[in-house]
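# Residue-level structure breakdown
Each chain, written out:
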Amino acid sequence: MANRPKLTRALSVRERVEDTLDAHRNELVALLSRYVDQGKSILQPHDLLDELDKVISGDEAKQKLKDGPFSEVLKSTQEAIVLPPYVAIAVRPRPGVWEYVRVNVYELSVEELTVSEYLCFKEELVDGKSNNKFVLELDFEPFNASFPRPTRSSSIGNGVQFLNRHLSSVMFRNKDSLEPLLDFLRAHKYKGHIVYILDQVRALENEMLHRIQRQGLDIAPRILIVTRLIPDSKGTTCNQRLERVSGTEHTHILRVPFRSEKGILRKWISRFDVWPYLETFAEDAASELTAELQGYPDFIIGNYSDGNLVASLLAYKMGVTQCTIAHALEKTKYPESDIYWKKFEDKYHFSSQFTADLIAMNNADFIITSTYQEIAGTKNTVGQYESHSSFTLPGQYRVVHGIDVFDPKFNIVSPGADMAIYFPYSEKTKRLTSLHGSIEELLYDPVQNDVHIGTLDDRSKPLLFSMARLDRVKNISGLVECYAKNPKLRDLVNLVVVAGYIDVKKSKDREEIEEIEKMHGLLKEYKLNGQFRWISAQNNRARNGELYRYIADTRGAFVQPALYEAFGLTVVEAMTCGLPTFATCHGGPAEIIEHGKSGFHIDPYHPEQAGALMADFFERCKEDPSYWSTFSDAGLKRIYERYTWKIYSERLMTLAGVYGFWKYVSKLERRETRRYLEMFYILKFRDLASSVPPASDE
């Protein structure tokens, strides 16, 4: 008989740490002691690896520690909690899979921890050691224990394919399960498509009309975008109850005001302050929706944290299929905002937001994300949704199993840019040349005012361009500082940014005010006048599209420097216009762009390297103009293959139909989970939301 290969078992994290203690006791003790010497703290991955490099410092014996199993553990560690004499580490061997261990540095003992034990240990950072064993713990895992789900990380985000294979197999093996299918067909033999959605409406309306026509039906679809009505909104249409969406036949914006016991809130308020108003808003929106539609909608899509909570309340009340689209989850944008939530509470009210996110994620029938990393991150980074699998808000509640990234409700559907607005610079006959005069005024007019500030002395230089909100995460000020500190880059290109207000008095947003002041400081400190132009936020989409193309005419490039970006729509817009693009490696742009092929990844946490990469690109373009065209063409090819609204709308409408179908003919309605969420909403969210100070019209 031929020799069979031996079966091997992957070692647990605890076993790998114990093996390292046996082989490299002194070196490991030295490393762990360095962690403990820093005192009570949270250490991020780069902190852990930096200390490892310091311990090794050229010693051959210590080098073996770096090549051994403990080093592999550190490379998979997402955080370490240091409470002397203990170091507890959260290890992520692969996306969606976690292990927790704690090492006593003095006794050299190693123990595995459950999620609950690890979070309890973490809470000691904030509250000290507690004897209170009765803490509210959220655990959604029992409700989903028998629910089918994939097991491979590569299957994450392909939920509909998995469901179709699994449930159709069950259905046609069991004849009794065909009865619900017949009921579904009877109930849906002739029913109008009514959709409540907040975005992407033009593409969706076109797709709906196409499908209705193909099915031989004579039905007019109806799409309503429900948002807030703001009575005191001079110069905008935000005070109109119903507004037709231009470019559509059957889509309207339905606006409902925020209301409290004191009456209607008349002015705009920050997204961080909306939480006390959302329950009443959902009740009022339900009444307005049913009056406008003369019935319930068939499909509800929520967008952003507040919209997703409202969509959850509406879908629960009306019993319709719900889709959640987060766009951006603040928890990953603000590190340690869960464990130190009290520090952020007065400014951001994260306790309400994280609770709302958890409710919406678990209530939704399916979840749409733009990229894989939004769900489960990368090999070395945690995904936005994955960060909600377990966390703690000390003093409020502990999440043991919050969201499972292997849940088949997750699906990746990437949006695109409106190709009527954003099209390649090379399509000369479509170019909006009549706008070039106003664009050149924005870029080069020497007058300094609240629309543009800073001058560009050498108009022959290419333009390095960025456009984003002016907040900390978008990191526009970080880009300006990166440019300011790189003499080579300053010599090769001019920098142009479109972002926020220039006059600090015009802003009401706390973060934006800080960034405005920082921008003015950088302009003066680095004497950027002559090489830098700061333009206030521009709302003319047609001109913005032509601005991208005008930048391309200068053989410039687009840069998106965010500390974290969930997707990166401006990246898609720039590439669609033919601009070579540099974008953050943290988030969606890392998937949109193939580094070195269709653009470049930059790390905003290493601005020197980012500046050098951009400078090298422009230097090479100066030597060989075809180099610029290579990346322009490759970026366009990437967009046409993956990132268009046509692809998006086809996929989203298919998902709505499939999940609606499976929800009807199987047990996808998750009733037990929804009852659990209802209790959580009443016991926790209401109190947290009511603790947010009410906004004032004064």
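These remarks concern the structure in this document. (Residues numbered from 1 in each chain as written. Predicted model: local features only at pLDDT ≥ 70, side-chain atom pairs only at ≥ 80, totals over all residues. Heavy atoms only, no water.)

## Here's the deal with unusual backbone geometry
- The omega torsion across P84 and P85 is 10°, close enough to zero to call that bond cis.
- Note that P85 resides in the loop between β2 (77–83) and β3 (86–94).
- The backbone of K527 shows a phi angle near 50°, a positive value even though the residue is not glycine.
- In this structure, K527 sits in the loop between α20 (510–525) and β22 (532–535).
- Residue classification places K527 among the exposed positions, given a relative accessible area of 65%. (Helix = DSSP H or I, 4+ residues; strand = E, 2+ residues; numbered from the N terminus. Buried < 20%, exposed > 50% of the residue type's maximum accessible area, 1.4 Å probe, protein only.)

## A word on the sheet that holds strand β4 (residues 97–104)
- Pairing within the open sheet is antiparallel, and its five strands lie in the order β1-β2-β3-β4-β5. Only two strands of the sheet have a single partner each, and these edge strands are β1 (41–43) and β5 (109–112). Taking each pair of neighbouring strands and ignoring which way they run, the sheet shows an average axis angle of 20°.
- Judged from the four bridges that link them, β4 and β5 form a sheet pairing that is antiparallel. Along β5, the bridge assignment pairs V103 with V110.
- Those strands touched by helix α2 (residues 25–37) are β1, β2, β3 and β4, and its axis lies near 110° from that of β3. (Pairing = 2+ DSSP bridges. Axes fitted to C-alpha atoms, helices over the stretch in contact; angles between N-to-C directions. Contact = heavy atoms within 4.5 Å.)

## What about the sheet that holds strand β24 (residues 581–584)?
- The seven strands lie next to each other as β19-β22-β21-β20-β23-β24-β25, forming an open sheet whose pairing is mixed. At either end of the open sheet lies a strand with only one pairing partner, and these are β19 (452–453) and β25 (600–602).
- In this sheet, β22 lies alongside β19 in antiparallel orientation, the contact comprising two bridges. By the bridge assignment, H452 is partnered in β22 with I535.
- Against the sheet, helix α18 (residues 476–484) engages β20 (463–467), β21 (494–498), β22 and β23 (557–560), with an angle of about 170° to β21.

## A short note on the pattern of salt bridges
- Inspection of every chain in the model, using the stated rule, returns 38 salt bridges.
- With a closest N to O distance of 3.1 Å, R674 and D365 form a salt bridge. Of this pair, R674 sits in helix α27 (residues 671–690) while D365 sits in the loop between α15 (350–363) and β15 (366–369), and the two are 309 residues apart along the sequence.
- By relative accessible area, R674 is classed as buried at 11%.
- D365 sits in the buried class, given a relative accessible area of 5%. (Salt bridge = Lys/Arg side-chain N within 4 Å of Asp/Glu carboxyl O.)

## A closer look at helix α24 (residues 607–623)
- For α24, with 17 residues, the first-to-last C-alpha span of 24 Å sits near the 24 Å given by 1.5 Å per residue.
- Within α24, burial applies to A610, G611, M614, A615, F617, F618 and C621. Mapping the buried residues of α24 onto a view down its axis gives an arc of 155°, with all of them on the same face. Away from its buried face by more than 90 degrees, α24 exposes E608, Q609 and E623. (Expected span 1.5 Å × (residues − 1). Arc of directions from axis to C-beta.)

## Focus on the packing of helix α22 (residues 569–576) against helix α25 (residues 626–642)
- Axis separation between α22 and α25 bottoms out at 8 Å; the angle between their running directions is 120°. Classed by the angle they form, the pair α22 and α25 counts as oblique. By crossing handedness, the relation of α22 to α25 is classed as left-handed. Here V572, M575 and T576 of α22 lie close against α25, whose contacting residues are G635, L636, R638 and I639.
- By residue class, the composition of the contact of α22 with α25 is four nonpolar, two polar and one charged. (Parallel < 35°, antiparallel > 145°, perpendicular 65-115°, else oblique. Left-handed = near helix turned anticlockwise from the far one by under 90°. Nonpolar A, V, L, I, M, F, W, Y, C, P; charged D, E, K, R; others polar.)

Shape is all these values report; function is a separate question.
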